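# An overview of the molecular structure
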Protein chains: 4
Amino acid sequence: MERRFPTVALVGRAHDPRVTDSLLALAEHLRRGGREVICETGPLAELFGGLAGAVPATVLARRADLVVAVGGDGTMLYAAQLVLGGDTPLLGINRGRLGFLTDISPPEMIARLDEVLAGQYQEDVRALLTARLERAGREPLTCDALNDVVVQKHATGRMIEFDTRIDGVYVNTHGGDGLVVATSTGSTAYALSCGGPIIHPRLDALVIAPISPHTLSDRPIVVGRHSAIEVRLLERSETRAEVTFDGNLLGELDHGDRLVLGAAERSVTLLHPHGHDFFRILRSKLHWGRSARNPDEPC
Amino acid sequence: MERRFPTVALVGRAHDPRVTDSLLALAEHLRRGGREVICETGPLAELFGGLAGAVPATVLARRADLVVAVGGDGTMLYAAQLVLGGDTPLLGINRGRLGFLTDISPPEMIARLDEVLAGQYQEDVRALLTARLERAGREPLTCDALNDVVVQKHATGRMIEFDTRIDGVYVNTHGGDGLVVATSTGSTAYALSCGGPIIHPRLDALVIAPISPHTLSDRPIVVGRHSAIEVRLLERSETRAEVTFDGNLLGELDHGDRLVLGAAERSVTLLHPHGHDFFRILRSKLHWGRSARNPDEPC
Amino acid sequence: MERRFPTVALVGRAHDPRVTDSLLALAEHLRRGGREVICETGPLAELFGGLAGAVPATVLARRADLVVAVGGDGTMLYAAQLVLGGDTPLLGINRGRLGFLTDISPPEMIARLDEVLAGQYQEDVRALLTARLERAGREPLTCDALNDVVVQKHATGRMIEFDTRIDGVYVNTHGGDGLVVATSTGSTAYALSCGGPIIHPRLDALVIAPISPHTLSDRPIVVGRHSAIEVRLLERSETRAEVTFDGNLLGELDHGDRLVLGAAERSVTLLHPHGHDFFRILRSKLHWGRSARNPDEPC
Amino acid sequence: MERRFPTVALVGRAHDPRVTDSLLALAEHLRRGGREVICETGPLAELFGGLAGAVPATVLARRADLVVAVGGDGTMLYAAQLVLGGDTPLLGINRGRLGFLTDISPPEMIARLDEVLAGQYQEDVRALLTARLERAGREPLTCDALNDVVVQKHATGRMIEFDTRIDGVYVNTHGGDGLVVATSTGSTAYALSCGGPIIHPRLDALVIAPISPHTLSDRPIVVGRHSAIEVRLLERSETRAEVTFDGNLLGELDHGDRLVLGAAERSVTLLHPHGHDFFRILRSKLHWGRSARNPDEPC
């Protein structure tokens, strides 16, 4: 069944002029086209004035047929949290540089958005990673992440030590700065800086990548997304560790706590204009193919 | 349906005394147990004398209910080529050091083999990678690999340049020593030395890892095993490239040739005694957990 | 001129029984040999009771002819801070596992110490790295480090962005978890986990290694030790960064602050029994040469 | 004493039109300025016709006061071999993309060359690596390299195994594709693709980097340039290895042969226009600083 988009929510940082210029142009264009435009209450609503209806962030996605996010991949991660648990799809527009999730550039944004609104789009369902941080005598803390869940030392200066298990089987005792567990989507974000591989978006997998590991052979492991990954701090370690998801704090990981990661039930649906090409984005972001050898490749 | 093993084929290098001692002990034990023992014609048959029937390598696996390989992972790769295309399973025994594929050690080999022969085993079906090297006006050269297919510069001293495509979509133009495409099984072999991740054996994936790439951001990519991967040399390059599979030569990759890689229809079945643990092997092979921090972990 | 050692200071963690057993045995042995034994006031002095004179940490090294540290490399870094600025040499004894700086093992410690006390030793002068953290309107914070000075993000979840200059020349703008600047001595510590090379102890060099850099080609740089390295945070970054030296906090690096690193005037003198071999320690610590290929190499 | 440049030798690939256009323009400009232009006998001499005197390659540099090379870093390596053993300096002009050694770009080449000819230049003396390949009963094969000396497996498909020694002390037994030993100059070439660090050109050091090593902790080592590095193949290995220097074949490394590497007596002098900046070249070649974060940095 084809989607229809009478109401469009706009998301972006209200303090970045590269973002607000685009947001205002989009709002005006959408209104001219007879669509309802909504946005989160707060500075963005002030910016829009009468152009957009102000709605609390918690219900924004439910009230919209499409969420358009303008900014970097950080803004997309924020928008992904808004659309979680519903069916509203997400469209990403960048600020002038291609992002892994924001593949539409400002000069073409109006034309591309119109294509999408006219039904000319590809749906791209991204699986999420779910995390549960368990502590005796407390409700578990939980989250769903589009990119990654990270365990990381909190106080600098000393490594943390922790055990990992996959589907109940002991894997390794790690020493180092921490651990990233990333979805295919997140494999090109922080996990890549930690030596992880690029995982094709259509492969239903997770990468478990140690951060600056003490043992040089402690290498990233790729497992099926439905694996249950468990992390526990060693008791003898003196340092503190924090758990973050998509860059947001979930909580502190203490001795005795258990962090369990696995496949989320919810997902996020991205829309792309036709012609979306994962490898073109990779080439652009990673400066591949920029050589005299490959003169036909646009930079 | 349970397997039965009236005929067992023994495989190993006839010139390595660590191997031949084990092979002779196994042959005697199997014969005492009333089983037929067979081996490849050649030096191994001479070694066994009357203990084993000599059979050409091409039909060895078909004539056996089980192939037992003694040696390193190289011997297992050889044995895997023997069992390809049939249903005969493969059991690996090492020479004193755990291998990724040879997880039974000499001191326990008789006991473990007896368990397996008595039906106490886990079946472990490993997917294969198939390669087709196409050249105009010639029958394509083909192979199935358990570990990997490698494109590598032939003459040292200069890098090769080549394009890759996945499912028909252009990925990148690479310069460097070459490219490894490895199965999950092969991810812990050569691909790991090229910066690839460890892929869990149950994940149906391939890793595409450039070898000493000229561009530092040219990182390994993990894709579903049913992806069609294509490699072509650039015309302007002056060097030669060879294609090998599991360490064996398939042929030369010339300008204009096309190498296509993908999921093989055939697979290889490994048998393990109960208690087989992929992560225990990883810890042992990669010297993980060998620290004062983790005193409970056996080395 | 040969050194003489009438007074020996003992250093180690008072709460680790593997350490205290060695310390007590050493104290008794030294006393039996007619030497004066001193230690830091506090729990260690209580442990020793009448065996050792208690002296404040700040003057311990000046009052001793030799400092013997028992423990891991962390204890050696602590002891190195004690001997800074004087000529008292340092001898390291491990807790059962070879360390990069503690190359004497418990079973041989008495014999090796006696050799050293008898003048049978190699002097090994290690250069230090000095850091100065400058902030307008405040006395600069300074330190000397044996291993490394680290700039690292403080709040997890977001990368820091910073500029580097070498001898006044702009090098790069980095995004990531931070930066390690290590001496040759420290090249085998944290910098190695960050992808840095091993630097031979006799090479007068520093390695500048980014930590989990956002840009994959942002690779470690090795420069002469007398280079002046400057680090400044970018103003637009929202995160906080801390500077640590040898695992100890120097202070926070704020926008507008300047961290300057370079060759220290002071050094630390290690003593080794004859036969000290840097590469043997490397092989042991990095699990090199542990293969059937190299059966003559002791593990 | 200031250099004078009445005779200029031009070097470049005669079959690359991007090179020959520059060469012809340079020759004409130099002739108009009253200088003698010479080149190697062969296709280049045919190209130049009456513009340049043809001289055998072996004496070209000795007959010139300056060698100007147009092309990539490969052409500079070739030109470096021509000037070895004399005092004639070398100036590098690229084909449109900055090279590590060819830092002058075509649009500015006439202006920059005129500055250099007028005495406005920086001298940049680059140390060389010397190699001696010894075999019993044969004259040793020797070479001097500007970038690197590489030991590499010859037949693909199998790793080679070899021992290394530094200043007579056993370092490690390596298994893998081979070993690069690079000068500071060569650290940004092949060694960088093998995981080696960037070494500042003014640091008198060598990097020893294993190529796709079997052991993951077998990491690059940086040593002083005057170290004597020895490489020997293990006898039990079945494969062949070749030694190349700056991409040229020195010879085969057989069991029993000894390859000894160390500081060359000769060096190569590069000339740069004023304003030469090693880090600017790094940033350009490695695509550093290409982010919205660093908008002031030219790409």
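A quick note: this is a predicted structure, and the numbers were derived from the prediction, not measured. (Residues numbered from 1 in each chain as written. Chains lettered and ligands numbered in written order. Predicted model: local features only at pLDDT ≥ 70, side-chain atom pairs only at ≥ 80, totals over all residues. Heavy atoms only, no water.)

### Re the overall build of chain A
Put simply, the rule reads: In DSSP terms, a helix is any run of H or I states spanning at least four residues, a strand is any run of E spanning at least two, and both are numbered starting from the N terminus. Between the two quantities, the radius of gyration covers C-alpha atoms and the globule rule is 2.2 Å times the number of residues to the power 0.38. Here's how the labels work: a residue is buried when its accessible area is under 20% of the maximum for its type, exposed when over 50%, partly exposed in between, all with a 1.4 Å probe on protein chains only. Should any heavy atoms of two residues lie within 4.5 Å, those residues are counted as being in contact. Per-residue and other accessible areas follow the Shrake-Rupley method at a 1.4 Å probe size, with only the shown protein chains counted as cover for residues. Only four residue types enter the charge count: Lys and Arg as positive, Asp and Glu as negative, with His and the chain ends excluded. A single reference atom marks each charge: NZ on Lys, CZ on Arg, CG on Asp, CD on Glu.
Along chain A, the regular secondary structure elements total 7 helices and 18 strands. For 299 residues, the compact-globule estimate of 2.2 N^0.38 gives 19 Å, and chain A sits close to it at 21 Å. Along the longest, intermediate and shortest principal axes, the C-alpha atoms of chain A span 65 × 55 × 40 Å. A total of 299 residues make up chain A; the buried ones form 62% of that total. For chain A, contacts bridging at least 24 residues in sequence account for 64% of all contacts bridging at least 6. Put simply, chain A shows about 11,400 Å² of open surface, and 48% of that area lies on carbon and sulfur atoms. For chain A, the centre of its 32 positive side-chain charges and the centre of its 38 negative side-chain charges are spaced 2 Å apart.

### Focus: the pattern of salt bridges
Which entries qualify depends on this criterion: Every case where a carboxyl oxygen of Asp or Glu lies within 4 Å of a side-chain nitrogen of Lys or Arg is listed as a salt bridge.
Applying the stated criterion across every chain, the model contains 68 salt bridges over all chains. Between A:Arg225 and A:Asp204 there is a salt bridge, with its nearest N and O atoms 2.7 Å apart. Placement of the pair is A:Arg225 in the loop between β14 (221-224) and β15 (229-233) and A:Asp204 in the loop between β12 (198-199) and β13 (205-211), with a sequence separation of 21 residues. The exposure class of A:Asp204 is partly exposed, given its relative accessible area of 38%. Salt-bridge contacts for C:Asp16 lead to C:Arg18; the nearest nitrogen and oxygen are separated by 3.3 Å. Of the residues examined, C:Asp16 reaches a relative accessible area of 14% and is grouped as buried. Bridged by salt links that share partners, the residues A:Arg132, A:Glu134, A:Glu230, A:Arg232 and A:Arg258 form one connected network.

### Points about the relation of the copies chain B and chain A
Defined as follows: The copies were overlaid by least squares, fitting only the C-alpha atoms of residues that reach a pLDDT of 70 or more in each copy.
The transformation that overlays chain B on chain A combines an axial shift of 0.0 Å with a rotation of 180 degrees, and the residual RMSD is 0.0 Å. Taken together, these values place the two copies in the relation of a two-fold axis. Nearest to the rotation axis, the C-alpha of B:Pro197 is located 3.2 Å from it, this being the minimum over chain B. A share of 100% of the interface residues of chain B reappears at the interface of chain A, consistent with the copies meeting face to face through the same patch.

### Concerning the sheet that holds β12(A)
Put simply, the rule reads: In this scheme, strands are said to pair when DSSP sees at least two bridges between them.
Taken in spatial order, the 7 strands line up as β12(A)-β14(B)-β13(B)-β11(B)-β8(B)-β16(B)-β17(B) in an open sheet, and their pairing is mixed. Both edges of this open sheet fall to β12 of chain A together with β17 (248-253) of chain B, since each of them pairs with a single strand only. The pairing of β12(A) with strand β14 (residues 221-224) of chain B spans 2 bridges and is parallel. Counted as the bridge partner of A:Ile199 is B:Val222 from β14(B).

### What about the packing of helix α1 (residues 17-32) of chain D against helix α5 (residues 109-117) of chain D?
When two helices pack together, their arrangement is given by the angle between the helix axes and the distance between those axes. All names here are of chain D. As a reminder of what qualifies: Here an axis means a line fitted to C-alpha atoms, over the contact stretch when the element is a helix, while the angle between two N-to-C directions is reported on a 0 to 180 degree scale. Reported orientations rely on four angle classes, namely roughly parallel under 35 degrees, roughly antiparallel over 145, roughly perpendicular from 65 to 115, and oblique for the rest. Left-handed describes a crossing whose near helix is turned anticlockwise from the far helix by less than a right angle; the clockwise case is right-handed. Following the grouping adopted for this structure description, the nonpolar residues are Ala, Val, Leu, Ile, Met, Phe, Trp, Tyr, Cys and Pro, the charged ones are Asp, Glu, Lys and Arg, and the polar ones are all others, Gly among them.
For the pair α1 and α5, the least separation of the axes is 11 Å and the interaxial angle reads 45 degrees. Comparing the axis directions of α1 and α5 gives the class oblique. For the crossing formed where α1 meets α5, the hand is right-handed. Contacts between α1 and α5 pair Ser-22, Ala-25, Leu-26, His-29 and Leu-30 from the former with Met-109, Ile-110, Leu-113, Asp-114 and Leu-117 from the latter. Across the contact of α1 with α5, the residue classes tally to 7 nonpolar, 2 polar and 1 charged.

### What to know about the domain arrangement of chain A
Residue and element names in this part refer to chain A. So the rule is basically this: Domains are outlined according to an automatic or database domain assignment. Here the quantity called buried area is the accessible surface, traced with a 1.4 Å probe, that two parts lose on coming together, added over both.
Structurally, chain A comprises domain 1 (7-120 + 274-286) and domain 2 (128-266). Computed from C-alpha coordinates alone, the two centres of domain 1 and domain 2 are separated by 30 Å. Contacts between the two partners involve 11 residues from domain 1, matched on the other side by 15 residues from domain 2. Between domain 1 and domain 2 the total buried area reaches about 1,100 Å² when both faces are included, carbon and sulfur atoms providing 77% of it. In this assembly, domain 1 and domain 2 are joined by 0 salt bridges. Elements with a minimum of two residues in the side of domain 1 that touches domain 2: α4 (73-83) and α7 (278-285). Of the residues that constitute the side of domain 1 that touches domain 2, the class distribution is 9 nonpolar, 2 polar and no charged.

### Details of the sheet that holds strand β14 (residues 221-224) of chain C
Across the sheet, which stays open at both edges, the 7 strands sit in the order β17(C)-β16(C)-β8(C)-β11(C)-β13(C)-β14(C)-β12(D) with mixed pairing between neighbours. Among the strands making up the open sheet, the edge pair consists of β17 (248-253) of chain C together with β12 (198-199) of chain D. Where strand β11 (residues 178-183) of chain C lies against strand β13 (residues 205-211) of chain C, 6 bridges are found, and the strand directions are antiparallel. Following the sheet pairing, C:Thr183 is matched in β13(C) by C:Leu206.

### Things to note about the interface of chain B and chain A
Often, the extent of an interface is quoted as the loss of accessible area upon association of its parts. What counts here: Polar contacts here mean pairs of N or O atoms no more than 3.5 Å apart (in protein, one a potential hydrogen donor and the other a potential acceptor; neighbouring residues in sequence count only if both atoms are side-chain atoms).
Contact with chain B, which involves 45 residues of that partner, is made by 45 residues of chain A. With both chains or domains summed, chain B and chain A bury close to 3,500 Å², and 53% of this area falls on carbon and sulfur atoms. One can count 0 salt bridges joining chain B with chain A. Our count for the contact surface shared by chain B and chain A stands at 20 residue pairs in polar contact (both at pLDDT 80 or more). Residue contributions to the side of chain B that touches chain A peak at 6 residues, all from strand β10 (residues 169-176) of chain B. Classifying every residue of the side of chain B that touches chain A gives 21 nonpolar, 13 polar and 11 charged.

### Considering the state of the cysteines
Using the following cut-off: Only a pair of cysteine sulfur atoms within 2.5 Å counts as a disulfide in this structure description.
Here the structure, examined in full by the defined rule, presents 0 disulfides over all chains. This cysteine, D:Cys194, is not joined by any disulfide, and B:Cys194 carries the nearest cysteine sulfur, 10 Å off.

### Some details on the pairing of strand β4 (residues 66-70) of chain B
All names here are of chain B. Our working rule: For crossovers, right-handed means that the path from the first strand over the helix to the second runs clockwise, given strands pointing away from the viewer.
Among the 5 residues in β4, 5 count as buried, and that is most of the element. Neither face of β4 is open: one carries Leu-66, Val-68 and Val-70, the other Val-67 and Ala-69, and all of them are buried. Pairing analysis gives 4 bridges linking β4 to strand β5 (residues 90-93), with the strands arranged parallel. The partner of Val-67 across the bridge, within β5, is Leu-90. Tracing the backbone out of β4, into helix α4 (residues 73-83) and back to the parallel element β5 gives a crossover that is right-handed.

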